[in-house]
Amino acid sequence: MIELEGVPELVDPVMVAAFEGWNDAGDAASTAVAHLDREWKGEVFAALDAEDYYDFQVNRPTVWLDGGTRKITWPTTRLSVVRVGGEKPRDLVLIRGIEPSMRWRSYCNEILGFAHELGVEMVVILGALLGDTPHTRPVPVSGVTSDPDLARTMDLEETRYEGPTGIVGILQEACTHAGVPAVSLWAAVPHYVSQPPNPKATLALLNRLEDLLGLRIPLGELPEDARAWQLGVDQLAAEDSEVAEYVQTLEEARDTAELPEASGEAIAREFERYLRRRDIGGPGQAPGGHATESGDVPYLRDTSGGRTRPPKPPRPDKGKGPEPGKGRAKSQDAEGGPAPEDPPQAGPDEDASDD
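Just so you know, these numbers come straight off a predicted model, no measurement behind them. (Residues numbered from 1 in each chain as written. Predicted model: local features only at pLDDT ≥ 70, side-chain atom pairs only at ≥ 80, totals over all residues. Heavy atoms only, no water.)

Q: I'm lost on the sheet that holds strand β2 (residues 43–47) in this one. Help?
A: With mixed pairing, the eight strands of this open sheet are ordered in space as β2-β5-β6-β1-β7-β10-β8-β9. The open sheet is flanked by β2 and β9 (157–158), the only strands paired with a single partner. Sitting on the sheet, helix α5 (residues 167–177) touches β1 (14–20), β7 (122–131), β8 (141–145) and β10 (182–190), and the angle it makes with β10 is about 165°. (Pairing = 2+ DSSP bridges. Helix = DSSP H or I, 4+ residues; strand = E, 2+ residues; numbered from the N terminus. Contact = heavy atoms within 4.5 Å. Axes fitted to C-alpha atoms, helices over the stretch in contact; angles between N-to-C directions.)

Q: Looking at this model, I keep getting lost on unusual backbone geometry. Mind explaining?
A: Both trends apply: most residues other than glycine have a negative phi, and most peptide bonds are in trans. For the bond from Pro-196 to Pro-197, the omega torsion is 0°, close enough to zero to count as cis. Tracing the backbone through its elements, the reader meets Pro-197 in the loop between β10 and α6 (199–213). Backbone geometry places Asp-12, a non-glycine residue, at a positive phi of 45°. As for its position among the elements, Asp-12 is in the segment before β1. The backbone of Lys-41 shows a phi angle near 55°, a positive value even though the residue is not glycine.

Q: Whenever I open this one, a nonpolar patch on the surface confuses me. Can you help?
A: On the surface, a nonpolar cluster with roughly 290 Å² of combined accessible area is contributed by Val-63, Ile-72 and Trp-74. With respect to the helices, strands and loops of the structure, Trp-74 is situated in the loop between β4 (69–73) and β5 (77–84). (Patch = residues over 30% accessible without salt bridge, like charges linked within 9 Å, V, L, I, M, F, W, Y side chains within 5 Å. Areas by Shrake-Rupley, 256 points an atom, 1.4 Å probe, with all protein chains shown as cover. Salt bridge = Lys/Arg side-chain N within 4 Å of Asp/Glu carboxyl O.)

Q: Would you take a moment to explain the nonpolar core for this structure?
A: Nonpolar side chains in soluble globular proteins tend to end up buried together. Counting residues in each nonpolar core, the largest one holds 40 residues, and the members touching the most others are Val-16, Leu-92, Val-124, Leu-126, Leu-185 and Leu-213. Those elements giving two or more residues to this core turn out to be β1, α1 (28–39), β5, β6 (90–98), β7, β10, α6 and α7 (222–238). Per element, the largest residue contribution to this core is eight residues, and it comes from α6. For Val-16, the residues in contact, after removing those within four places along its chain, are Val-33, Leu-36, Leu-92, Val-93, Leu-94, Ile-95, Val-124, Leu-126 and Leu-209. Membership of the second largest hydrophobic core comes to 38 residues, among which are Met-15, Leu-48, Tyr-54 and Ala-174. (Core = buried A, V, L, I, M, F, W, Y, C linked by side-chain atoms within 4.5 Å. Buried < 20%, exposed > 50% of the residue type's maximum accessible area, 1.4 Å probe, protein only.)

Q: For this particular structure, what's the right way to read the confidence of the model for the chain?
A: The predicted coordinates ought not to be read in detail in places where the model reports low pLDDT. Per-residue pLDDT for the chain averages 79, and the proportion of residues at 70 or more is 71%. Across the chain, element-level confidence peaks in β1 with a mean pLDDT of 98 and bottoms out in strand β12 (residues 290–291) with 32. Here residues 280–355 scores under 50 on pLDDT; set against residues more than four positions off or in separate chains, the count is 187 contacts. (pLDDT = per-residue confidence, 0-100.)

Q: What's the story with α6 in this structure? I'm lost.
A: Given 3.6 residues per helical turn, the α-helix brings residues three or four places apart onto the same face. In this model α6 runs 21 Å from its N-terminal to its C-terminal C-alpha over 15 residues, within 8% of the 21 Å that 1.5 Å per residue would give. Taking burial as the measure, the 15 residues of α6 include 14 buried ones, the bulk of the element. Remark: Gly-214 follows α6 within two positions and exhibits a positive phi of approximately 70°. (Expected span 1.5 Å × (residues − 1).)

Q: Help me understand the pattern of salt bridges, please; the structure alone is not making it clear to me.
A: Any two side chains of opposite charge can pair, on the condition that their charged atoms come close. Inspection of every chain in the model, using the stated rule, returns eight salt bridges. Two residues, Lys-71 and Asp-66, come together in a salt bridge whose shortest N-O distance is 2.8 Å. A relative accessible area of 37% places Asp-66 in the partly exposed class. A salt bridge links Arg-160 to Glu-158; its shortest N-O distance comes to 3.5 Å.

Q: What should I look at first to understand the pairing of β7 in this one?
A: In summary, the side chains of a regular strand alternate between the two faces of the sheet. When you tally the buried positions in β7, you get ten out of ten residues, the bulk of the element. Burial along β7 is two-sided: Met-122, Val-124, Leu-126, Ala-128 and Leu-130 and Val-123, Ile-125, Gly-127, Leu-129 and Gly-131, pointing in opposite directions, are all buried. Inspection of the sheet shows β1 paired to β7 by four bridges, in the parallel sense. Following the sheet pairing, Met-15 is matched in β7 by Val-123. Pairing analysis gives nine bridges linking β7 to β10, with the strands arranged parallel. Bridge pairing links Ile-125 to Ser-184 in β10.

Q: Can you walk me through helix α3 (residues 104–118) in this structure?
A: Look at α3: 21 Å from first C-alpha to last across 15 residues, which is about the 21 Å you get at 1.5 Å a residue. Within the sequence span of α3, burial applies to Tyr-107, Cys-108, Ile-111, Leu-112, Gly-113, Phe-114, Ala-115 and Leu-118. Buried-residue contacts for α3 involve β1, β2, α2 (50–53), β5, β6 and α5. Just downstream of α3, Gly-119 is the residue with a positive phi angle, here 70°.

Pasting the structure below:
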């Protein structure tokens, strides 16, 4: 039973979701939703019952001390709501969780129940995959959907993927069958430096989400973190001639493939983003580029998400390029399992795509 007491009536709500684990290379997607929740001071209004969906031997609870009192945090999925200010305020329903261990259909149905009760107009699911992409180039982000009409109106790819999938693919299809418009945004993370965090991939997902929803997202220190991350990986790659040569090969392939992409449409997108970020003094925007709250919605302050600088990037995995025909390296994901083979990573001459 879904109880939404205390949740105000939402304005043009869009649900944005990300899940730790198989579909979250470099923790890029889950970090993006955490950033939205922190910057817009999200209020958690619901959490799914951990007993229903998680194997606690796979995703273990954690014990912590609160003023001398021992408390337990259980792995689960939480829903929060944030108000985005501006000339046309709107609300985002944020979903942050771990890919469930079991009962995926019930899990998706419960999320769709919240979407229905809240009047959600569209669901956007963020994901990240390992790919043949150099860390020195812009992060490729693909937008895909199962809805042909949505693909046409929002300039997205209609997914053609076949094969093993994660909760991102399952939730997107559940939305499609329920008649809820759904989009997945996928960032490609370099397979040779896949360890989290990856602020550059997180930043790319947020930029694409801005374009998709027509919002202006306060980025805080993310651009600086992304530059520091790239410089750190540059330094590590320069210390190993084989890795440096491999990165150069990826760069050449990527540059050749993207020559046709320097189109008027791509330039227009970048210009629109520039105009949004230049208009700092517009309605609903505070100095420094941070959106302000609007209205009398009693949102709580989330003071638990303290921000830390990303650690120095780990040394790239030398000599572990993708297997032939796979398009990715066999590595470990955040839950210790094999790296996802969903979605299929395109070769250097194609854009990545997925569910």
